[in-house]
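Below, each chain spelled out in residue letters.
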Amino acid sequence: MPELSYTIEALFAATRISVWFWLLFVVIAPVFLEHIRELPQIEKMIYSWVGIGGTIIISIFVLTVLNIFDFISIVLLLLLIPLVMDILKNRDMGMIAYFKQLELNTVVSHVKFIENYEGLNWKDIKGKIKEWFTNRTWANTYTLIAFVIALIGSLSRMYSALENASPFSRTWYTHLDRIKNIRLQEYFADMPDPGGMHSMVSLFSMLTQVSPEMILHLMGALTSFFLCIIVFWATKDLTKNEYPLAPIFAMSIYALVPMLFLPLSLDLQIEANSLDLALCFAIPTITIFIRNLRGSYKSPRSYVLIGFLATALTNIFVACIVLLPTLLLALVATSRRGYFPSLVREFG
């Protein structure tokens, strides 16, 4: 049994990573992604994961190739991307007129906020908590069951990491070396494998001040929780919620009985695994693509492109063998089911 201090440190590390994940993909992302602002929380989180998370992986790849990757450069790039896109969208106004309008809108929004701000009291907080619990999207019985199953699956993987502070395989040292190489502006070094997972670990290590060694040791458990939620969400959407037990069954196979059904060893499920992280991009990308073809929750085509690039930069196998054929199959199935106008709009 390891020392109690290690267990507490690991739990606090997992908490810090989870909090920063929530801040980045639920609180901050809607500021940059206008499309997702009115979506429910779980939809907002997954769309922002594809949009912002994919952009982060692509940006780190570009910055590393240019030998200018550090925390300041990635933050500046992420701030400049929406600004440049907005300037291109409003290029008819001219640069001077655009920045004057931007300044005016910023001042007006701040004045409105100051005028309408009344502060928070206990009744407001109590009302928001009550509203959160009575919201059907979150208080739905099947959704609560899904979160419980995902939590059990995550804790079952984390238990082994808490029991043993040392890495479970030699691959862990390879992953750690890749992370250090990325910080030294060497994206591929001697390995042709994509480094999307290592880029994400490096960024979260900077944000949370948790060592990359600890993140690698806990990443399997944290990724499994998010992947379970994604499987539940995607299955529920693709079946149009006609079979409520189908999403529960789909996520349970991965969460509760992985050793019986999945050809993955225990160490690949507990520690960092690019296959799982790539699926966290691939499954939402497939779902968003099918939604666009159906005409429901219509979103910009850039989500599909960013999702595919992020998947490819994380795991080539998932991108070429899972994601790309599924997208092509969805095109064929959609054209046969009478969604041809949506197909034309998607690529027109």
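To be clear, the structure that these remarks concern was listed above.
Cut-offs applied
Residues numbered from 1 in each chain as written. Predicted model: local features only at pLDDT ≥ 70, side-chain atom pairs only at ≥ 80, totals over all residues. Heavy atoms only, no water. Helix = DSSP H or I, 4+ residues; strand = E, 2+ residues; numbered from the N terminus. Buried < 20%, exposed > 50% of the residue type's maximum accessible area, 1.4 Å probe, protein only. Axes fitted to C-alpha atoms, helices over the stretch in contact; angles between N-to-C directions. Parallel < 35°, antiparallel > 145°, perpendicular 65-115°, else oblique. Left-handed = near helix turned anticlockwise from the far one by under 90°. Contact = heavy atoms within 4.5 Å. Arc of directions from axis to C-beta. Core = buried A, V, L, I, M, F, W, Y, C linked by side-chain atoms within 4.5 Å. Salt bridge = Lys/Arg side-chain N within 4 Å of Asp/Glu carboxyl O.

(A) Spotlight on unusual backbone geometry. The phi torsion at asparagine 67 lies on the positive side, around 65°, for a residue other than glycine. Looking at the element boundaries, asparagine 67 is found in the loop between helix 2 (41–65) and helix 3 (71–89). One non-glycine residue, glutamine 209, adopts positive backbone phi at about 60°. Among the structural elements, glutamine 209 can be located in the loop between helix 9 (196–208) and helix 10 (212–238). A relative accessible area of 62% places glutamine 209 in the exposed class.

(B) Structural view of the packing of helix 2 against helix 14 (residues 274–294). Interhelical geometry of helix 2 versus helix 14 gives an angle of 120° and a closest axis separation of 10 Å. When the interaxial angle is binned, helix 2 and helix 14 end up oblique. As helix 2 packs across helix 14, the resulting crossing turns out to be left-handed. Along the contact surface, helix 2 presents Glu43, Ile46, Tyr47, Trp49, Val50, Gly53, Gly54 and Ile57, while helix 14 presents Leu277, Cys280, Phe281, Pro284, Thr285, Ile288 and Arg291.

(C) Molecular detail of the environment of tyrosine 159. Inspection of the secondary structure assignment puts tyrosine 159 in helix 7 (residues 141–163). Sequence separation of tyrosine 159 and alanine 221 is 62 residues, and the distance between their C-alpha atoms is 8.9 Å.

(D) Expanded view of helix 11 (residues 245–255). Among all positions in helix 11, only Pro247, Ile248, Met251, Ser252, Tyr254 and Ala255 are buried. The arc enclosing the buried residues of helix 11, seen along the axis, measures out at 160°, which places them on a common side. Among the exposed residues of helix 11, those oriented more than 90 degrees off its buried face are Leu245 and Phe249.

(E) Geometry of the environment of methionine 93. Within the secondary structure layout, methionine 93 lies in the loop between helix 3 and helix 4 (95–116). Leave out the neighbours within four places in its chain, and methionine 93 touches Tyr98 and Gln101.

(F) Spotlight on the nonpolar core. Counting 86 residues, the largest nonpolar core has Trp49, Phe204, Leu218 and Met251 as its most contacted members. Counting residues per element, this core draws most heavily on helix 10, at 15 residues. Those residues in contact with phenylalanine 204 that sit more than four places away from it in its chain are Ile17, Trp20, Phe21, Leu24, Phe25, Gln209 and Ile215.

(G) Highlighting the pattern of salt bridges. Inspection of every chain in the model, using the stated rule, returns two salt bridges. Here glutamate 43 ties to arginine 291 by a salt bridge, and the two come within 2.7 Å at their closest N and O atoms. Taken as a pair, glutamate 43 in helix 2 and arginine 291 in helix 14 lie far apart in primary sequence, 248 residues in all. For the pair glutamate 43 and arginine 291, one class covers both residues: buried. The salt bridge involving aspartate 237 is made with arginine 291; its shortest N-O contact spans 2.7 Å. Of the two residues, aspartate 237 is situated in helix 10 and arginine 291 in helix 14; the sequence distance between them amounts to 54 residues. Judged on exposure class, the residue aspartate 237 and its partner arginine 291 are both buried. Counted as one network, the salt bridges with shared partners bring together Glu43, Asp237 and Arg291.

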